[in-house]
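Chain by chain, the residues:
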Amino acid sequence: MRTYTLLPCPWCKSPAKLDQDCNAGWYVSCSFVRCPVLPISADYKFAHMAAMAWNCCGQSDRLPALMPAPTEKHGSSN
Ligand SMILES: [Zn+2]
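Fair warning: this is a prediction, and the values are worked out from it, not measured in the lab. Sequence positions are assigned chain by chain, starting from 1 and proceeding in written order. pLDDT decides what is reported in this predicted model: residues at 70 or higher carry local features, side-chain atom pairs at 80 or more are listed and counted, and totals for whole chains, interfaces and linings draw on all residues regardless.

A.B. asks: Explain the overall build of the chain to me, please; I cannot follow it from the model alone.
C.D. replies: Under the DSSP-based scheme used, a helix requires at least four consecutive residues in state H or I and a strand at least two consecutive residues in state E, with every element numbered from the N terminus. When helices and strands are counted, the chain shows 1 helix and 2 strands. For the chain, the succession of helices and strands along the chain, N to C, is β-β-α. Burial in this document is a count-based property: other C-beta atoms within 10 Å of a residue's C-beta are tallied, and the residue is buried at 20 or more, exposed at 12 or fewer, or partly exposed in between, with C-beta positions derived from the backbone. Counting all 78 residues of the chain, 18% fall into the buried class. For every residue pair, C-beta atoms are placed from the backbone, and the pair is scored as a contact if these atoms sit within 7 Å. Of the contacts formed within the chain by residues at least 6 apart in sequence, a portion of 31% connects residues at least 24 apart.

Printed below as a string of structure tokens:
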């Protein structure tokens, strides 16, 4: 697996970790279990997107077109 440079947690300065959830979505979270905030990113389809989103913390104007993978819509939107 590729490794990505992740900024440390903005609150506790612990290393962040990239992980996959049960739906195979990628997210970044603080690795320190006693972190006062335990930030966790949204789920992304690709690992690099989760890493980019995490690293853009507090700089939303720099966020590229990164949106969490939209949930599959079945049927009409009505
Ligand atoms: Zn933390």
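After presenting the structure, the write-up continues.
A.B. asks: Could you clarify how one ought to interpret the nonpolar core in this entry?
C.D. replies: When a protein is soluble and globular, its nonpolar side chains tend to lie buried together. Structurally, a nonpolar core is described as a collection of buried Ala, Val, Leu, Ile, Met, Phe, Trp, Tyr and Cys residues joined by way of C-beta atoms within 7 Å. By size, the foremost hydrophobic cluster in this structure holds 13 residues, and its most contacted members are Val 28, Tyr 44, Ala 50 and Trp 54. Residue assignment for this core shows that the elements contributing at least two residues are strand E1 (16-20), strand E2 (26-30) and helix H1 (47-55). For this core, the element with the most residues is H1, which contributes 5 residues. Once residues lying within four places of it in the same chain are set aside, the contact partners of Trp 54 are Leu 6, Leu 7, Ala 16, Val 28 and Ser 41.

A.B. asks: For this particular structure, what's the right way to read the environment of Pro 8?
C.D. replies: Here Pro 8 lies in the segment before E1. A tally of 13 C-beta atoms within 10 Å means that Pro 8 is categorised as partly exposed. In this structure, Pro 8 is in contact with Lys 13, Ser 14, Pro 15 and Ala 16, ignoring residues within four places of it in sequence.

A.B. asks: Looking at this structure, I do not really get the pairing of E1. What am I missing?
C.D. replies: Consecutive side chains along a regular strand alternate between the two faces of the sheet. Sheet topology places E1 next to E2; 5 bridges connect them, and they run antiparallel. Bridged to Asp 19 within E2 is Tyr 27. Turn length for the E1-E2 hairpin, with the two strands adjacent in sequence and antiparallel, is 5 residues, and the turn residue Ala 24 shows positive phi of about 70 degrees. One requirement defines pairing of two strands: DSSP has to find at least two bridges between them.

Taken by themselves, the reported measurements are silent on function.
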